[in-house]
Structure formats: C-alpha cells, structure tokens
Amino acid sequence: MLANGEIVRRFLELKHQVHPDVVSYIREQNDPSLIDRIAAGVPDDTLVISAEHIPGLKKVRDGTRFLVDPELEVIVGSAGTTGSVTGHEDAVHYFRDRYNNLSSMIRSRMTAMPIEALAKSPHRYRDEECTIIGMVADTRTTARGHRLVELEDPTGTIRVLFNKGRDDSFAEAERILPDEVLGVKGKLSNDGGLLFADQLSRPDIPINHAPFRSDRPGKAVLISDVHVGSNTFLEEAWNRFADWLQDSDAAYLLIAGDLVDGIGIYPGQENELTIKNIYEQYDVFAEMLRDLPSRIRIVAAPGNHDVVRMAEPQPAIPPEFTEKFPENCTLVENPCLLNLQGVRVLMYHGRSFDDMIGLIPGASYERPGEIMDEMLKRRLLASPYGMRTPIAAMKTDRLVIDPLPEILLTGHVHICGVTRYRGVLGVNSGTWQSQTSFQKQMNIHPTPARAFVVDLQTLQPEVMDFS
C-alpha cells in the first residue's frame, strides 16, 4: 500500500501538485496505477490535480428533492419532536444507532470484517491485511509516543496501534476523538491482540459529492448569538442590520441559537445583565423580530444560553416565552435540518466546539472553519459523550450528519468563519455581543455584528459588517 508521501512524490515527478482528497482516494482504492492514469488526462496548465481530474469520477447529488413546502420545510427538528430520555436502555440504542449509521458510510468504500473474527482466529489472519470498523472506546499515547486506540463493534473490541513513524496515518490518529466511528486497515499481531494500523478512514463526505442549488432566486441571511439582555449586546449595530434588511432582497433569516443571554448561565452573570428577567429578555427579542420585514421567513433555534435543557438535541423555545414572536418566525430545535427552496441547511448552535478544540491538536477558537471541517469528516456534530457538551442519549442519534446538507450553520464561538469542504459550505456567523469579561480572561476576540448572506442559486456567501 502506498503511503501519502509516496503518492505526492510520484505526482511531483510527473510535475504535478495534488490535492489531499486525491491522495486519500488513491490510498482507499489501493491502486497505484491510478497515479499515471490521472496524470495522463490532466491539461498541461493544471496547477493542482483535484477530484475532478479522476477518470470516471462524476459528481452526484444524494437523491431527488421532494419539497413538501417549496419555500421552507423543517426536515428534522420541528418543535416537539426531540422527546425525552427514559433510562439507561436508551443509551444502548443511541450508540448502536450511531455505529450503524456511520459504519454503513465507511462500508460503502471498504469491506470490513467483524472484530470477533480476528479475536477468534488470530493465526488465520496473521501477517494479512485486515480491515475493521469500530467506535472509539478509548485512546491514549504510549510511553514511546505511539497512539493506542481501543475500537469496539457489536462483536468485540481490539486495540489498534498507530505508529508515530507513519506520518501519513499518525497525523490523523492524533485527531481521533472519543466515540467517533473509524475504519482501519492494518496487520494483526502474532497473538491477535493488537492491530498495527496502516490506514485510517472516517465516514466523511464522498469525494464526488455535488451540492444541490435552487432553481430560482432566493437569499438566506445567517446569524447567531444575539444575546439580548447582556450589557455587551450591540443594539446600535443590530438596528443598522434591521434597517439593511428592510431594503434587502433576503427571503430567509436563520438564527442559530443564544437568542438571549439567559439567567444563571455562569457565576456572576447577574452583574452583566441589563435585563434580569428571562421573560422580558424574550419579549425584547420578540419586539426586535417584529420590527423586521414580515415577508422574511425567520427560523430561530436555541443555544446553551436559552431557556431549554442544556443536553443536545435541545427542544425548541417553549411557547410561554415566545407568545409575542411574529407569525413569520418558525421555532425549531437544536440541531435542525431545513429545506430552503431545495437547499438543505443544517443549523447547529455549536456547543461541541469546546470539546473538539480541547481535544484536537492545533485547533483554535480563532479558526471555527477548521472545526466545521472536522465535524463533516466524522459526519458528527458532537462526538465525545460525557464531556463539556451534554448529550441526551435517546434511541436515535440526532447529531449524526445524514443526509448531507448544502450549508452547515454554527455559532457559539462568537468568531466569524467560513469554509467549503467537499461541496458543503460551512458558516460560523459570529455574534451580536462585544467581548465579555470571560472572553477577556480566555483571550478570545469576537468578531461581532456580522451577517452572512448566501445566494441559494450559487451557494456563494457574502459577509456584511454592521459594526
């Protein structure tokens, strides 16, 4: 099996640079002849060989869009659909559902065997290349600096060693998160108790994924983290935004959580509030929405500052707090999947940023786009269970990214970011709150008063600055 460095070197010998997606594809196919076939068909003026240059690889969409509502449809996450956790039995169903969904995505690209087969017949598979798919039960660094990961499937568990000398696989091994699902190719140790990893695969977005685009004009405005009630809420900037909306051609306004600052979210918060009654916070927010053009369809989801449970998925804001919201506002859960003129938008407030930034080497609040890429690679909005992100383990895992959206909208970190990963546009829309005392302590510098405008026909984003 060719290593990443060898694939890159052979393309350089042919006087071509190559995109990492193409390198991953060649490794998954385990076909070195692809290098020459790809290079032979590339135009002379090509700077970087990308997925579009792979022979026979055609961009495809994941099915036909049947629209119940041609304008706005809540596919997943309508108010009242979250349900509750009934007991520890649900957790078994929850992780089984996660494993089944994510492992099926990996199986579309590789054939795997049950872990139990390796444990029962280690001599049969000794020195042979084996492939398994499992959920990460534990991960640690050995005394010699290697990465040791325990993988579990419905049949058993096995330890997998990622050697620090294998640059192509070890870099990804360092980014392995608890409770994500992986595919691993490698060779079994003599006693069958350890798999030496050669290649790591994630559920990921297919390399030939093509996003859907609306067949008629329409623009969506994406924001989050308004934090009404805080003494750092930027009222003047919001008023400039509201005035701009009056004259804009926007059809939709999506708000990805933290509509208000809330009450008792952190110690000493009462000293940083201008509105200390939670009902009044939502009433003021409702008045702000009523001042916006009634022709705009508004979708509002909760975040960790809103008056709902912390555990994800979070239910929609309860009716007793939203009686004054305008009729053109649809309340949804967090996360939720929307259909805007056929374009799917996955809204997720983004509490899991805290866990992922703490666990992934080099990750930073300053670069939220990179974290959205990591979510899409894992096809999971929140991977680790039992850490800073509380997760309600129900019978199905609503945090699995399936089906694929055209747009992933997040918030929470208060810093604007935009990315495009394998056809999916990722947007973190910042905040409407200036730097808080907590952010000063953490040296986090927010980018407030921004709104992203996305053309649903082209999926091109434009950032508007109202600061």
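Refer to the structure printed above.
Keep in mind that what you see is a predicted model, and the values were worked out from it rather than measured.

### Looking at the overall build of the chain
Turning to step 1, where the next piece is worked out: The secondary structure content of the chain amounts to 12 helices and 18 strands.
Turning to step 2, where the next piece is worked out: Since a compact globule built from 467 residues should have a radius of gyration of about 23 Å, the 24 Å found for the chain is in line with a globular shape.
Turning to step 3, where the next piece is worked out: If one aligns the C-alpha atoms of the chain with their principal axes, the spans along those axes are about 70 × 55 × 45 Å.
Turning to step 4, where the next piece is worked out: Counting the 467 residues in the chain, one finds 56% classified as buried.
Turning to step 5, where the next piece is worked out: Pairs at least 24 apart in sequence give 70% of the contacts found in the chain among residues at least 6 apart.

### Quick word on the packing of aromatic side chains
Aromatic rings in a pair are described by how distant their centres are and how their planes are angled relative to each other.
Turning to step 1, where the next piece is worked out: Applying the stated rule across the entire model yields 13 aromatic pairs.
Turning to step 2, where the next piece is worked out: Both rings, one in Tyr94 and one in Tyr385, keep their centres 6.5 Å apart while their planes meet at 45 degrees; by these two values the pair is tilted. Remark: Tyr385 occurs in the loop between helix H11 (368-378) and strand E14 (407-410) and Tyr94 occurs in helix H4 (residues 88-107); sequence separation between them is 291 residues.
Turning to step 3, where the next piece is worked out: Site record: aromatic cluster; members linked through ring pairs are Trp238, Phe241, Trp244, Trp432 and Phe466.

### Some points on the sheet that holds strand E5 (residues 147-153)
Turning to step 1, where the next piece is worked out: Sheet architecture is closed into a barrel: 5 strands sit in the order E4-E5-E6-E8-E7, paired in mixed fashion. Adjacent strand axes in the sheet meet at a mean angle of 55 degrees, parallel and antiparallel pairs treated alike.
Turning to step 2, where the next piece is worked out: As paired elements, strand E4 (residues 129-141) and E5 share 6 bridges and run antiparallel to each other. Looking at the pairing, Met135 lines up with Glu152 of E5.

### Focus: the nonpolar core
Turning to step 1, where the next piece is worked out: Judged by nonpolar contacts, the single largest core of 39 residues is most densely connected at Ile223, Val226, Trp238, Phe241, Leu253, Phe285 and Trp432.
Turning to step 2, where the next piece is worked out: Elements with a contribution of two residues or more to this core: strand E9 (219-223), helix H8 (235-247), strand E10 (252-256), helix H9 (278-290), strand E11 (297-301), strand E12 (329-340) and strand E17 (450-455).
Turning to step 3, where the next piece is worked out: Broken down by element, this core gets its largest block of residues, 6 residues, from H9.
Turning to step 4, where the next piece is worked out: Not counting residues within four places of it along the chain, the set of residues in contact with Leu253 comprises Val221, Ile223, Phe241, Leu245, Leu292, Ile296, Arg297, Ile298 and Val299.
Turning to step 5, where the next piece is worked out: Judged by nonpolar contacts, the second largest core, of 29 residues, contains Phe353, Ala382, Ala393 and Val424.

### Quick notes on the pattern of salt bridges
Turning to step 1, where the next piece is worked out: In total, this model carries 21 salt bridges according to the counting rule given.
Turning to step 2, where the next piece is worked out: Residues Glu71 and Arg216 are paired through a salt bridge, measuring 3.4 Å at the closest nitrogen-oxygen approach. In this pair, Glu71 sits in the loop between strand E2 (48-49) and strand E3 (72-78) while Arg216 sits in the loop between strand E8 (194-201) and E9, placing the two residues 145 residues apart along the sequence.
Turning to step 3, where the next piece is worked out: In this structure Glu71 comes out as partly exposed when scored by relative accessible area, which is 34%.
Turning to step 4, where the next piece is worked out: Between Arg422 and Asp204 there is a salt bridge, with its nearest N and O atoms 3.6 Å apart. Here Asp204 lies in the loop between E8 and E9 and Arg422 lies in the loop between strand E15 (416-421) and strand E16 (424-429), a separation of 218 residues in the sequence. Both residues of the pair, Arg422 and Asp204, count as buried.

### Considering the packing of helix H2 (residues 20-29) against helix H3 (residues 33-40)
Turning to step 1, where the next piece is worked out: Direction vectors running N to C along H2 and H3 enclose 140 degrees, while the axes themselves pass 10 Å from each other. Here H2 lies oblique to H3, going by the angle between them. Contacts between H2 and H3 involve Val22, Tyr25, Ile26 and Gln29 from the first element and Leu34, Ile35 and Ile38 from the second.
Turning to step 2, where the next piece is worked out: Considered class by class, the residues forming the contact of H2 with H3 number 6 nonpolar, 1 polar and no charged.

### Describing the pairing of E15
Turning to step 1, where the next piece is worked out: Burial along E15 is one-sided: the face carrying Gly417, Thr419 and Tyr421 is buried and the face carrying Cys416, Val418 and Arg420 is not.
Turning to step 2, where the next piece is worked out: Bridge analysis of E15 against E16 gives 6 bridges, and the strand direction is antiparallel. Paired with Arg420 across the two strands is Leu425, which belongs to E16.

### Focus: the environment of Gln314
Turning to step 1, where the next piece is worked out: Within the element layout of this structure, Gln314 appears in the loop between E11 and E12.
Turning to step 2, where the next piece is worked out: Gln314 sits in the buried class, given a relative accessible area of 2%.
Turning to step 3, where the next piece is worked out: Spatially, the C-alpha atom of Gln314 lies 13 Å from that of Ala382, the residues being 68 residues apart in sequence.
Turning to step 4, where the next piece is worked out: Beyond its immediate sequence surroundings of up to four residues, Gln314 is in contact with Thr82, Pro302, Gly303, Asn304, Val308, Arg309, Glu333 and Asn334.
Turning to step 5, where the next piece is worked out: Within polar-contact distance, the side chain of Gln314 engages the backbone oxygen of Gly303 at 3.2 Å.
Turning to step 6, where the next piece is worked out: A polar contact of 2.9 Å, which involves the side chain of Gln314, links it to the backbone oxygen of Arg309.

### Quick look at the side chain of Thr131
Turning to step 1, where the next piece is worked out: Within the secondary structure layout, Thr131 lies in strand E4.
Turning to step 2, where the next piece is worked out: Ignoring anything within four residues of it in the chain, the contact list for Thr131 reads Met110, Thr111, Ala112, Met113, Val184 and Lys185.

Thresholds, definitions, all that
- Residues numbered from 1 in each chain as written.
- Predicted model: local features only at pLDDT ≥ 70, side-chain atom pairs only at ≥ 80, totals over all residues.
- Heavy atoms only, no water.
- Helix = DSSP H or I, 4+ residues; strand = E, 2+ residues; numbered from the N terminus.
- Rg over C-alpha atoms; globule rule 2.2 N^0.38 Å.
- Buried < 20%, exposed > 50% of the residue type's maximum accessible area, 1.4 Å probe, protein only.
- Contact = heavy atoms within 4.5 Å.
- Phe/Tyr/Trp six-rings, centres within 6.5 Å; stacked < 30°, edge-to-face > 60°.
- Pairing = 2+ DSSP bridges.
- Axes fitted to C-alpha atoms, helices over the stretch in contact; angles between N-to-C directions.
- Core = buried A, V, L, I, M, F, W, Y, C linked by side-chain atoms within 4.5 Å.
- Salt bridge = Lys/Arg side-chain N within 4 Å of Asp/Glu carboxyl O.
- Parallel < 35°, antiparallel > 145°, perpendicular 65-115°, else oblique.
- Nonpolar A, V, L, I, M, F, W, Y, C, P; charged D, E, K, R; others polar.
- Polar contact = N/O pair within 3.5 Å; in protein donor to acceptor, adjacent residues only side chain to side chain.

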